[in-house]
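Topology and contacts: notes
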Amino acid sequence: MFDCFDHCNNVGSGISEIPIEIQRDYTSSIHEEGKKQIGRSRSTMLELDEIKKHFDVPITKAAKEMKVGLTVLKKRCRELNIMRWPHRKIKSLKSLINSVKELGLTNEIGMLEEHKRMVEKIPQMELTEETKKLRQACFKANYKRRRAMAPLA
């Protein structure tokens, strides 16, 4: 037992010194592990167009749908200069569009939908000051409406 251990751990020993039966078992197990891979192969690079299709879902769900690991997706996004996953920003804009429709502000709907399309194309784009103020105004109006409907305690 110790002889084999010492023999395999010698600094100058090469693979040719390992018995052929062990070499065969080792190489066949490596090839079998490679065949078990189910998802996307590492050589296939994720393209920006493919990643953009999944911006409207959380990043963990997007990784599953694209059959890649979360870390692989995040690394590829960073390579493409996408530092933050835009799902929450897009979700916020959708919610804001619905709130604006309920309040009847028709002029702002077109601007918000255009802004949402721009965020889907350029995910690192920041929200404009006008959009932020509109979001705050809608939140305040909804808060006041909920507060007025709540029964007095």
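Residues numbered from 1 in each chain as written. Predicted model: local features only at pLDDT ≥ 70, side-chain atom pairs only at ≥ 80, totals over all residues. Heavy atoms only, no water.

Regarding the nonpolar core
- Core analysis: the biggest nonpolar cluster contains 24 residues, and Ile 51, Met 66, Leu 73, Trp 85, Val 100 and Leu 112 have the highest contact counts within it.
- The set of elements that each furnish at least two residues to this core consists of α4 (59-66), α5 (70-79), α6 (87-103), α7 (106-121) and α8 (129-149).
- Take this core: its biggest share by element is 5 residues, from α6.
- Once you skip the residues sitting within four places of it in the chain, Ile 51 turns out to touch Leu 46, Met 66, Leu 73, Arg 76, Cys 77, Leu 80 and Trp 85. (Core = buried A, V, L, I, M, F, W, Y, C linked by side-chain atoms within 4.5 Å. Buried < 20%, exposed > 50% of the residue type's maximum accessible area, 1.4 Å probe, protein only. Helix = DSSP H or I, 4+ residues; strand = E, 2+ residues; numbered from the N terminus. Contact = heavy atoms within 4.5 Å.)

A short note on the packing of α4 against α5
- Between α4 and α5, the shortest axis-to-axis distance is 9 Å and the interhelical angle comes to 100°. The angle between α4 and α5 places the two elements in the roughly perpendicular class. Counted together, Ile 59, Thr 60, Ala 62, Ala 63 and Met 66 of α4 and Leu 70, Leu 73 and Lys 74 of α5 form the full contact between these two elements.
- Grouping the amino acids of the contact of α4 with α5 by side-chain chemistry returns 6 nonpolar, 1 polar and 1 charged. (Axes fitted to C-alpha atoms, helices over the stretch in contact; angles between N-to-C directions. Parallel < 35°, antiparallel > 145°, perpendicular 65-115°, else oblique. Nonpolar A, V, L, I, M, F, W, Y, C, P; charged D, E, K, R; others polar.)

Section: unusual backbone geometry
- The backbone of Lys 67 sits at a positive phi, close to 60°, despite the residue not being glycine.
- Mapped onto the elements of the fold, Lys 67 is located in the loop between α4 and α5.
- Judged by its relative accessible area of 58%, Lys 67 is exposed.
- Phi at Asn 81 is positive, roughly 65°, even though this residue is not glycine.
- Position of Asn 81 among the secondary structure elements: in the loop between α5 and α6.
- For Asn 81, a relative accessible area of 48% corresponds to the partly exposed category.

Section: the pattern of salt bridges
- Within this structure, the stated rule accounts for 4 salt bridges.
- As a salt-bridge pair, Glu 102 and Arg 145 come within 3.8 Å of each other at their nearest N and O atoms. One end of the pair, Glu 102, is in helix α6; the other, Arg 145, is in helix α8, with 43 residues separating them in the sequence.
- Looking at Glu 102, the relative accessible area reads 58%, which means it is exposed.
- What makes Arg 145 partly exposed here is its relative accessible area of 37%. (Salt bridge = Lys/Arg side-chain N within 4 Å of Asp/Glu carboxyl O.)

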